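Coordinate analysis (summary)
Each chain is listed here by its residues.
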Amino acid sequence: MKFFADTAEIDEIAELAALGMVDGVTTNPSLILKSGRDILEVTREIAGMIDGPVSAEVVATEAEAMLEEGRRLAAIAPNIAVKLPLTWDGLRACKALASEGTMVNVTLCFSANQALLAAKAGATFISPFIGRLDDINIDGMELIADIRTIYDNYGFETQILAASIRSVNHMKEAALIGADVATAPPSVIRRMAAHPLTDKGLAAFLADWEKTGQKIV
Ligand code: E4P
């Protein structure tokens, strides 16, 4: 499973990239707001830091205007994926941008039928939002599983990008189901390394080592 960093914070992306833990980046208008940066500038900077896809989201709501913004974002770098909302206009813009050879990430997906439409419109990525479904007591992971089944039934090449990930369990479950990509806040990716038995075991080893009086030189 590929890991995308769900952030527009340069330092966080750089830290993960140095470890080979980031295969791409996703941003959205809220993350751009949080970064305090200009969208074109920060997207250019991120796209120059990593080889993989960097999603940048349009804010227009009508297909023609989405296309215009999408082309402007795509011109930033060859690894830009234009992020479009899963509306009818978004699907129209998706079809047009995909035919031009631009990567498209169709976002704000909350149903299997929406995902089916995105695949038919030529989306490179579909972003089902797990956490936001969980927030309203709907099992977000069930949606990932349904989309996996539907895409596999028909051999759609659109990649399932599990989004709105809030926990390490979301990461594990998305991997078990076979999501192609998971986009997560860097804090969640870092937390995947944590285990209390690792900490306990390390503390015991270090205490015993201290007693040997030795040094590794
Ligand atoms: C990524 O593409 C999405 O915009 C993001 O994962 C949304 O996450 P949130 O629901 O935690 O805001």
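An account of the accompanying structure is given in this report. (Residues numbered from 1 in each chain as written. Predicted model: local features only at pLDDT ≥ 70, side-chain atom pairs only at ≥ 80, totals over all residues. Heavy atoms only, no water.)

1. A word on the overall build of the protein
To keep it simple, the criterion reads: Strands are runs of DSSP state E lasting at least 2 residues, helices are runs of H or I lasting at least 4, and numbering of each runs from the N terminus. Buried, partly exposed and exposed residues are distinguished by accessible area as a fraction of the type maximum, computed with a 1.4 Å probe on protein chains only: under 20%, between the cut-offs, and over 50%, respectively. The method behind every accessible area is Shrake-Rupley, applied with a 1.4 Å probe, and residues are considered shielded solely by the protein chains displayed. For the purpose of charge, His is not counted, nor are the chain termini; Lys and Arg are scored as positive and Asp and Glu as negative. Charged groups are reduced to one reference atom each: NZ for lysine, CZ for arginine, CG for aspartic acid, CD for glutamic acid.
For the protein, the helix and strand inventory stands at 11 helices and eight strands. Taken over the C-alpha atoms alone, the protein extends approximately 70 × 40 × 30 Å along its principal axes. Each of the 217 residues in the protein was classed as buried or not, and the buried ones make up 45%. Total accessible area on the protein stands at roughly 11,400 Å², and carbon and sulfur atoms take up 55% of it. Distance between charge centres in the protein, computed from 19 positive and 29 negative side chains, equals 2 Å.

2. A look at the sheet that holds strand β2 (residues 24-26)
Rule in force here: When DSSP finds two or more bridges between a pair of strands, those strands are recorded as paired. Helix axes are fitted only over the stretch in contact, all axes being lines through C-alpha atoms; the angle between N-to-C directions runs from 0 to 180 degrees.
Strand order in the closed barrel made by the eight strands is β1-β2-β3-β4-β5-β6-β7-β8, with parallel pairing throughout. Shown here is a sheet whose adjacent strand axes are inclined to one another by a mean of 30°, direction ignored. Bridge count between strand β4 (residues 80-85) and strand β5 (residues 103-109): five bridges; the pairing is parallel. In the strand pairing of β5, L84 is matched with V106.

3. Section: the site of the ligand
Counted only if it meets this: Consider each residue's heavy atoms; a residue with any of them within 4 Å of a molecule or strand counts as near. We define a polar contact as two N or O atoms separated by no more than 3.5 Å, with the added condition that, inside protein, one atom must be a possible hydrogen donor and the other a possible acceptor, whereas residues neighbouring each other in sequence contribute only through side-chain atom pairs. Buried and open spaces are told apart on a 1 Å grid over the protein atoms alone, a cavity being a set of points where a 1.4 Å probe fits but cannot get out and a pocket being an open set with protein on both sides within 12 Å along at least five of seven lines. Residues with an atom within 4 Å of a point are the lining residues. A molecule is said to be in a cavity or pocket once over half of its atoms fall within 2 Å of that pocket's grid points. When residues are grouped by polarity, Ala, Val, Leu, Ile, Met, Phe, Trp, Tyr, Cys and Pro land in nonpolar, Asp, Glu, Lys and Arg in charged, and all others, Gly among them, in polar.
Close contacts around the ligand come from D6, T26, N28, K83, F129, R132, A163, S164, R166 and T183, and that covers them all. The separation between an oxygen atom of the ligand and a polar side-chain atom of R166 is 3.2 Å. When the free accessible area of the ligand is taken as 340 Å², the share hidden by the protein chains comes to 85%. Structurally, the ligand is housed in the largest pocket. Residue classes in the shell around the ligand are distributed as two nonpolar, four polar and four charged.

4. Description of the pattern of salt bridges
Where we set the bar: What counts as a salt bridge is simple: a side-chain nitrogen of Lys or Arg found within 4 Å of a carboxyl oxygen of Asp or Glu.
Tallied over the full model, the rule gives 10 salt bridges. One salt bridge in this structure joins R148 and D180, with 3.1 Å as the shortest N-O distance. Here R148 is found in helix α8 (residues 140-154), whereas its partner D180 is found in the loop between α9 (168-177) and β8 (181-184), with 32 residues between them in sequence. Among the residues examined, R148 registers a relative accessible area of 13% and is labelled buried. Ionic pairing is found between K211 and D208, a salt bridge with its closest N-O pair at 3.4 Å. Within this pair, K211 and its partner D208 are both found in helix α11 (residues 196-212), separated by three residues, close to a single helical turn. A single salt-bridge network, built from bridges that share partners, covers R148, D152 and D180.

5. A word on the layout of surface pockets
Keep this limit in mind: Grid points are joined across faces, edges and corners, and a volume is the space filled by probe spheres set on the points.
Looking at the largest pocket, its volume works out to about 340 Å³. Along the walls of the largest pocket sit 22 residues, with D6, N28, L31, S164 and P185 positioned nearest its centre. Along the lines of polarity and charge, the residues of the lining of the largest pocket split into six nonpolar, nine polar and seven charged. Put simply, the second largest pocket is a space of about 200 Å³. Taken together, T27, N28, P29, I32, I39, L40, E57, V58, V59, E69, R72 and L73 make up the lining of the second largest pocket. Listing elements by their share of the lining of the second largest pocket, those giving two or more residues are α2 (29-35), α3 (39-49) and α4 (63-74). Among the elements that line the lining of the second largest pocket, the one with the most residues is α4, at three residues. Across the lining of the second largest pocket, the residue classes tally to seven nonpolar, two polar and three charged.

6. Re the environment of I39
Note the cut-off: We call two residues in contact whenever any of their non-hydrogen atoms come within 4.5 Å of each other.
By secondary structure assignment, the location of I39 is in helix α3. In this structure, the C-alpha to C-alpha distance between I39 and L161, residues 122 residues apart in sequence, is 22 Å. Apart from residues no more than four positions distant in its own chain, I39 is found in contact with I32, E57 and L73.

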